[in-house]
Amino acid sequence: MSHFRVDIRQRAEEVLGLYPRARSAMLPLLHLAQEQDGYLSDEGIAEVAELTSTTPADVRGTASFYEMFHLEPVGKYVVGVCTNIACLLAGGEEMLEHASAFLGCAVGGTSDDGMFTLEESECLADCDVAPCVQVNHRYVRTTTPDAFDALVGDLRAGRLDHDVPAHGTLIRVHRSGGLRAPRAEVASQRADAQSAREARANEESK
Amino acid sequence: MATLTAPLIVSSRAEFADSYTLSRYLATGGYVALRTALTMFPEDVASEVDQASLLGRGGAGFPAGRKWSMLRKAPLSYLVVNGDESEPATFKDHYLVERDPHQLIEGVIIAAYALQVTQVFVFLRGEFALGLERVQQAVNDAYEHGALGSKIFGSNFSIDVVVHPGAGAYICGEETALIEALEGKRGFPRIKPPFFPAVTGLYGEPTVVNNVETMSNLPWIINNGGAAFAALGGGRSTGTRLFALAGRVKNPGVYEVEMVKNTFRDLIYDPQFGGGVIDDGAIKAIIPGGVSAPWFGPELLDLPLGQDEVAEKGSMLGSGSIVVMDETTCVVRAAWRITKFFSRESCGQCTPCREGSGWIERAMYRLEHGEGRMEDLDLLLDLCDNIAPGLTWPPQMTTICVLGPSIPSSVHSAISMFRDDFIAHIKLGRCPHD
Amino acid sequence: MTDLTRTTVSITVNGRTVEANPGELLIEAAERSGNYIPRFCYHPRMDPVGNCRMCLVEVEGPRGATLQPACFLKVNDGMNVTTDSEKVKKAQDGVLEFLLANHPLDCPVCDKGGECPLQDQSLAHGSGETRFVEEKRHWVKPVEIGELILLDRERCIQCSRCTRFAADVAGDAQIAFASRGDRIEVATSPNQPFDSVFSGNTVQICPVGALTAKPYRFSARPWDLDQVESTCTTCAVQCRVAVQSSGNHLTRVLGIDSEPVNHGWLCDKGRFTIDSIDGNEASTDLLHASTRITEPMIRRNGVLTSVSWGEALAEAARLLRDASNTPQGVGAIGGAALTNEGAFAWERFLRGVLGTENIDAQYGDGLDAALLQSLPKATINEAANAPTVITLTGDLREELPILFLRLRESAVRYHRSIVELAFGPSALRSVTRVSLPVRPGEAHLVARALTSTGAVDKGVEINEVDLAEARRLIGESGEGVVVVVGRPNVAESAQVVETALRYLAEQLPQAKFLPALRRSNVMGALDMGLSPQLRPGRGFDELAEGRDAQAQLAALRTGEQKAVLLLGGCLLGNVIDVTGACESLENADVVVVTGHGGATLAYANVVLPAVVQHERVGTVTNIEGRVTSVAPKIVAPGSAWPDLAIAAELAEQFGQNLGLHSVEQTAKTIEATTGYPTLSALNDETSDGYVAGRGDERSPRRPLDPMAFPGIRSIEIVGLGATAGAVDVSDVVTAKAPRSAPLGSVKAGRGVDVPLADAYSLRVVLSRRLYDNGIAVQGSPALHNLKAVTTLRLNHFDLDRLGVSTGDVVNVIGERGSTRLPVALDDGVPRGALDVAFGSLNEDGEDVIRPIIDHDRVITQLRLETT
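From a predicted model like this one, the values you see are computed outputs, not experimental measurements.

1. What about the overall build of chain A?
Along chain A, the regular secondary structure elements total 8 helices and 4 strands. Going from the N terminus to the C terminus, chain A shows its helices and strands as α-α-α-α-β-α-α-β-β-β-α-α. In terms of overall size, chain A is more extended than a compact globule, its C-alpha atoms giving a radius of gyration of 23 Å where 206 residues would be expected to give roughly 17 Å. Viewed in the frame of its principal axes, chain A has a C-alpha envelope of about 75 × 50 × 30 Å. Expressed as a percentage of contacts within chain A between residues at least 6 apart in sequence, the contacts between residues at least 24 apart total 63%. With the model as given, the accessible surface of chain A reaches about 8500 Å², and the carbon-plus-sulfur share is 51%. Each charge sign in chain A was given a centre, from 19 positive and 32 negative side chains, and these centres are 11 Å apart.

Written out as structure tokens, the structure is:
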């Protein structure tokens, strides 16, 4: 009885196949769980625990270490406004205040219509377009209050659905296949390389 | 004025809007270096890199060749690419993964071949949604193109590259925390010893962790030779480097600059780069290498952009980010905001960092908001000293990883350089800039 | 622990040269040399993590002296360390100040106050003044994170001892760190409370009052507690414990770091069922009162009525004398609850006074005692250090929890191999090298496959790769192999495992065996001769013949045996054929000697109240044959007597003198006549006991470490009190041990005929749970909510075949009856089998599974039908 949808479960199993140990797939699997539910539901956490042979407490504890995972439901759009040093010098705090007022929700809160959750972000590595704003981890490059307001209008109207997928959908380009370097071949290749190295060392010592 | 004779090594495709595509990459000399490398002995590839004396571009500046040579010989080993760029005001890896993912992948394959590693994980910061898609597309295309997978380009070398998304934690830029995250755990930096993942890394196996920009230099080095790379720059700082310039400058951005040949002043004021301070104001201080670095006053603007040159003056070139603060900047607020960042990002594993960052942040907040006391300044310096004894740079530390001793950098810099600004806050009972 | 070799290295600590073992941790080496280094996160029974930073010291390196955590650094030759410099002091003071910054000032109302490592070190090193003027961190407090554990996050110093214990030692991370930075917290998952059977250990090792145990909370202040060192007899591992009381009330049991046995750990059953002994003041639940027997009773007009000891003894003697007038008319069942001295006294009474050989300390749910006696024995340490361990047991976490921890550590931390015969779900499964699924009735076939290179018997499904790996690990002769053997399935005849055991013993002459019988002091009772053919001091009389428990119950039913003396009150809770046993008791005169009541008492004619654990002095013997002392902490309620006194007084009623006057003198008699180390164990306060049959091999106790196991006070101060040195040992000439059973003379294990499997049925695995419906849990307000609920656990193949899934209720049909029970998915169950917990109750509080077990067949097969 999988909580994951068939397509998510299939991608989860593909992801598991990429790692030597199941637990390594933890972060990508949590992203998948969040893609399905928009946040990490208890059921999603339980399924990730099962897939990685860990416990729900362990998965939850791990997820909570990372900013991008939400253990409570959030809006369709999670708006992050950076106030770190470069953005601070470019009015990041003022932008955050403006966003809070315009969206009608406190920092960390969700707007009444459930569309937007506002967060104060740490540096998002786009400091030449400061203050930096991300929506669902897409750079929207709105550095003025007016541009921000327009962006919110576009999001509400669904005009940016292609550029900004709903919260949780992080990566829309999926891996086109599993591992392809055959393990046995790789082992023999390493042995070949080793003997080549030794042969050469012998030659040089002569 | 800036010296602009060096070639663009990692940002040569900046002019193309489709620089991230395979077709553009192939049209501009892509994957030629890899084909060349595959005809060489792996150790000869490594020695080219050694000869280039390419310093790691992540922050610590450890020579890549030396890092490679420490890789313990074992049946299994891994290459991990650190693309978790999170040092505030650093955005050069962001630029590279979005704009030139194939260059990164080609560099990765060259490195893996030199190291004879067949499984690579490219750990990218989770917030780089577009970057993740571009790199994943590049990896897919590279498989299609025969550059990845079984017996690449008809050689006897096989390799898999897995793109691994992070999930938002600054500390995962620390290579052992990154390995923990890659093992699916909380990003707690590992206690040392062992000092290097090259001995005990991913799953306890030997692992090399290299930065995105470091990897992106490799195709050029193979195409042009390590010697050509080493001929650029000066002293130990060879080649060019991407600098992320931000803060109170007219043209913030990522600029590729030959090392040592140019100074902070060149980068900030040259019209091709920063173009000067906003409103032509006066510089109050700069942060020369990410917010972990101690600050410089304007008297050091003519210092060359070289690793050792900056280290000699008690700071670091670090992650290659330069933040300019001018007379409009409240340094108390700046230092508080940086401390708040460290407090948010402390992993919480060890006491001095976990408790110290929170305590210092709250005291700095009080000071910035006019609720400070004169004795807070000495208290802050003493708390800083309890995290980084002696307040030297490079630091001593009471913590597991260097996040701890990074906390004091801005607080110590601000108090020692601008004590009067703090006193003004205390006396006024508010921030004078409000 | 570090791998220590013989040669030592020299290090310099504060200018003085100190010898240390290579690979030893600096914190340990420095402490041994008298340079104690403060610490919080470091725990000697777990891998160091170096995260509290309290143990920073200066170590010379290539770049001068740097601050390094002494708990994480291994010594190497020439290491130069300073632990007392100004720099070290400032760093440590700084860490302590950081730890205290957000720590609440609620020591006066904190359970840990008075025995708190943080409090102690603050008094020793702290400045006494705070420079922290900010608002302290606030959390809702306390949070109930499990049935037994409360969490106060404000007090937590994030040392990670509890989370590491849960993940690394117990292997079940029901608690984990959540969030990060100074918001980091220990947390559970909302749908999974912290109900590990080891949860209490996290409370014991917490260096602050962040984790507290509900049963102990606010019940006492540490300085008001009295303490004795003793041995827990809740199961047969017999962990060393510190038993603490306030007045005549048991307040707390703490694990002592005994090197050969429990390493300081305890299971929650041993730790928390003290409330079944004298109740729990904090609880208003009166359940416990119903299980404790405090007065002698005689059945009058069908009702048990309190009488004087004299009346009760006379009536008991009358019934037993009348019965013993008939040949084979009397016998005794039970004895695992006794001390060795009590068991020895009853053995003298039964064989010497009643002249019967019908004696059995087991309830038909164990293994043949003579067969076990004949096997070469391994200690727990030998099992934990063996390159390969074979387990032929149920889920050890449920049966012998601390043995599970020791074997788990062996596999996880030291990478040793476990070959598991997998009868059902097992917590050890995830760390075994090979697990071979064994269906009921097949253990002997799998054992044969393991020890030969021939073909596997037809019908037995074994993965060939796994089998080959298991054979490789076991080797030809079994050298270095320890076989842990118990009774994995009580719905299967003991003959199956006994036959398997004999194969292993015969085919692997170098292997050693560790019995995994569960119950209390069952090994001591058997060693004292409470079994047909066995004699005190591990003796064997091949010619003797007597009835075991099952034979006695059968004879009682037919009237061949008239009376039975029950040593312990839990017969009906433990026999498989409960209906038959009721008939047997109904038919007979029944004298029960017990400290706890239970269903069995409904059939008693006479009840003689006995003292129970923590009320008595003596020695007990664990699964490995380790003899240790038990000490009384409280006075038994009412007029309960020690068993020794009951046996002696009953013998007086027959005009006979057992010649046993005191525990000390009895222990001396045992040792003097058989060499069995009862007196040695009783008299030696500073050891972890003596292993029977191993001469003078003494296990010295590790020094007390109040930072690792806070709350335990020095044993030297309190000790055994009354018993210490009370007996002059100078005249004890250690006798030669009696002849033990040779395998060749043992009848058990010579084959078994298993009926063919019915393709439409599933074979039943009736396995044990720690929290069963036994007397200890029944009588414990702390634990009774955790009792197992009857569920049928099936492999997913079988669930799919039946078309049912977890939670569905099915009809269960057997030859003896039918019932309805829910199913649950558990791939730990072999295909074609179903696992169900012995002693569990269904949702109506009834034990519905035991009545439909085919107790007289080798295996039970049940058919499941959907409704």
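2. What about the overall build of chain B?
Along its length, chain B carries 18 helices and 10 strands. In terms of C-alpha radius of gyration, chain B reaches 22 Å, essentially the compact-globule figure of 22 Å for 434 residues. Structurally, chain B occupies a C-alpha span of about 75 × 45 × 35 Å along its principal axes. By the burial criterion, 70% of the 434 residues in chain B qualify as buried. Long-range pairs, those at least 24 residues apart, make up 70% of the contacts in chain B with a sequence separation of at least 6. On chain B, the mean spot of the 36 positive side-chain charges and the mean spot of the 50 negative ones are 3 Å from each other.

3. Quick word on the confidence of the model for chain B
With 100% of its residues at a pLDDT of at least 70, chain B reaches an overall mean of 96. Scored as a complex, the prediction yields pTM 0.95 and ipTM 0.96.

4. Quick look at the interface of chain C and chain B
Taken residue by residue, the interface counts 38 residues in chain C and 38 residues in chain B. Roughly 3100 Å² of surface becomes buried between chain C and chain B when both sides are summed, with 51% attributable to carbon and sulfur atoms. Three residues stand out in chain C for area buried against chain B, namely C:Phe98, C:Arg131 and C:Arg180, and they jointly supply 24% of the buried area on that side. Counting across the interface, chain C meets chain B through 7 salt bridges.

5. Digging into the packing of aromatic side chains
Between two aromatic rings, the relevant description is the distance of the centres plus the angle of the planes. Inspection of every chain in the model, using the stated rule, returns 28 aromatic pairs over all chains. Taken together, the aromatic side chains of A:Phe65, A:Tyr66, A:Phe69, B:Phe188 and C:Phe177 make up a single cluster linked through ring pairs. When the ring centre of B:Phe243 is taken as reference, the NZ or CZ atom of B:Arg241 above it lies at 5.9 Å. In this structure, C:Arg768 packs its charged tip against the face of C:Phe838, placed 4.2 Å from the ring centre.

6. A word on the pairing of strand β2 (residues 116-121) of chain A
All names here are of chain A. Taken across its 6 residues, β2 has 5 buried, putting it largely inside the fold. Relative to β2, strand β1 (residues 77-82) runs parallel, the two sharing 6 bridges. By the bridge assignment for β2, Val81 is matched with Glu120.

7. So, helix α15 (residues 351-368) of chain B
Residue and element names in this part refer to chain B. Over its 18 residues, α15 extends 25 Å from the first C-alpha to the last, a length consistent with the 26 Å expected when each residue adds 1.5 Å. Within α15, 16 of the 18 residues are buried, which leaves the element mostly enclosed by the surrounding structure. Just downstream of α15, Gly370 is the residue with a positive phi angle, here 75 degrees.

8. Details of the pattern of salt bridges
Oppositely charged side chains are able to pair whenever their charged atoms sit close together. For the structure on display, the rule yields 103 salt bridges over all chains. Between A:Glu93 and B:Arg333 there is a salt bridge, with the nearest N and O atoms lying 2.4 Å from each other. Of this pair, A:Glu93 sits in helix α6 (residues 92-103) while B:Arg333 sits in helix α14 (residues 331-345), each in a different chain. Like B:Arg333, A:Glu93 is buried. Among the charged side chains, a salt-bridge network with shared partners connects A:Glu67, A:Glu120, A:Glu122, B:Arg337, B:Lys340, B:Arg344, B:Glu345 and C:Arg180.

9. Regarding a nonpolar patch on the surface
A cluster of nonpolar side chains, namely B:Phe195, B:Phe196 and B:Val199, defines an oily patch on the protein surface of about 260 Å² accessible area. Accessibility expressed as a relative area gives 53% for B:Phe195, which makes it exposed.

10. Points about the environment of C:Val752
Residue and element names in this part refer to chain C. Its place among the elements puts Val752 in the loop between α25 (715-718) and β32 (762-767). With relative accessibility at 14%, the residue Val752 sits in the buried group. Taking the C-alpha atoms as reference, Val752 lies 55 Å from Lys74; in sequence the two are 678 residues apart.

11. Describing the pairing of strand β3 (residues 56-61) of chain C
Residue and element names in this part refer to chain C. In this structure, β3 lies alongside strand β4 (residues 64-69), joined through 6 bridges in antiparallel fashion. By the bridge assignment, Val59 is partnered in β4 with Thr66. Here β3 folds back onto β4 in antiparallel fashion, the turn holding 2 residues. Taken together, the 2 bridges between β3 and strand β5 (residues 80-82) define a ladder with antiparallel strand orientation. Counted as the bridge partner of Glu58 is Thr82 from β5.

12. Overview of empty space enclosed by the protein
Residue and element names in this part refer to chain C. Applying the stated criterion to the full structure yields 13 cavities of 30 Å³ or more. Estimated volume of the largest cavity: approximately 300 Å³. Per-element tally for the lining of the largest cavity: the top contributor is strand β13 (residues 249-255), with 6 residues. Its residues placed into classes, the lining of the largest cavity shows 11 nonpolar, 8 polar and 6 charged. One number sums up the size of the second largest cavity: a volume of about 130 Å³.

13. Structural notes on helix α22 (residues 643-653) of chain C
Residue and element names in this part refer to chain C. All of the buried residues in α22 are Asp643, Leu644, Ile646, Ala647, Ala648, Leu650 and Ala651. The inward-facing, buried residues of α22 contact α9 (309-324), α10 (340-354), β26 (589-594), β27 (606-609) and α23 (663-674). One or two positions beyond α22, positive phi appears at Gly655, with a value near 75 degrees.

14. Focus: the interface of chain B and chain A
With 82 residues of chain B at the contact, the number on the chain A side is 61 residues. Taken over both partners, the interface formed by chain B and chain A buries close to 6000 Å², and the fraction arising from carbon and sulfur atoms is 53%. Joining chain B to chain A, the criterion identifies 8 salt bridges. One salt bridge in this structure joins B:Arg344 and A:Glu122, with 3.3 Å as the shortest N-O distance. There are 30 residue pairs in polar contact (both at pLDDT 80 or more) connecting chain B and chain A. Partitioning the side of chain B that touches chain A into residue classes produces 41 nonpolar, 22 polar and 19 charged.

15. Digging into the sheet that holds strand β35 (residues 817-825) of chain C
All names here are of chain C. Read around the closed barrel, the 6 strands follow the order β32-β36-β33-β35-β34-β37; overall the barrel is mixed. Averaged over all neighbouring strand pairs, the angle between strand axes comes to 45 degrees, with direction disregarded. Where β32 meets strand β36 (residues 833-837), 5 bridges bridge the pair, whose relative direction is parallel. Across the sheet, the residue bridging to Arg763 is Ala833, located in β36.

16. Quick look at unusual backbone geometry
B:Pro193 follows B:Lys192 through a cis peptide bond whose omega is 0 degrees. Within the secondary structure, B:Pro193 sits in the loop between α8 (175-182) and β4 (207-211). Put simply, C:Lys141 and C:Pro142 share a cis peptide bond, and its omega is -20 degrees. In this structure, C:Pro142 sits in the loop between α3 (117-125) and β6 (143-144). Backbone geometry places A:Ala125, a non-glycine residue, at a positive phi of 65 degrees. Taking relative accessible area as the criterion, A:Ala125 reaches 0% and is therefore assigned buried.

Rules used in this analysis
Residues numbered from 1 in each chain as written. Chains lettered and ligands numbered in written order. Predicted model: local features only at pLDDT ≥ 70, side-chain atom pairs only at ≥ 80, totals over all residues. Heavy atoms only, no water. Helix = DSSP H or I, 4+ residues; strand = E, 2+ residues; numbered from the N terminus. Rg over C-alpha atoms; globule rule 2.2 N^0.38 Å. Contact = heavy atoms within 4.5 Å. Areas by Shrake-Rupley, 256 points an atom, 1.4 Å probe, with all protein chains shown as cover. Lys, Arg positive; Asp, Glu negative; His and termini not counted. Charge placed at Lys NZ, Arg CZ, Asp CG, Glu CD. Buried < 20%, exposed > 50% of the residue type's maximum accessible area, 1.4 Å probe, protein only. pLDDT = per-residue confidence, 0-100. Buried area = accessible area lost by both parts, 1.4 Å probe. Salt bridge = Lys/Arg side-chain N within 4 Å of Asp/Glu carboxyl O. Phe/Tyr/Trp six-rings, centres within 6.5 Å; stacked < 30°, edge-to-face > 60°. Lys NZ or Arg CZ within 6 Å of the ring centre and 35° of its normal. Pairing = 2+ DSSP bridges. Expected span 1.5 Å × (residues − 1). Patch = residues over 30% accessible without salt bridge, like charges linked within 9 Å, V, L, I, M, F, W, Y side chains within 5 Å. 1 Å grid on protein atoms, 1.4 Å probe; cavity = no way out; pocket = protein on both sides within 12 Å on 5 of 7 lines; lining within 4 Å. Points joined across faces, edges and corners; volume = space filled by probe spheres on them. Nonpolar A, V, L, I, M, F, W, Y, C, P; charged D, E, K, R; others polar. Polar contact = N/O pair within 3.5 Å; in protein donor to acceptor, adjacent residues only side chain to side chain. Axes fitted to C-alpha atoms, helices over the stretch in contact; angles between N-to-C directions.

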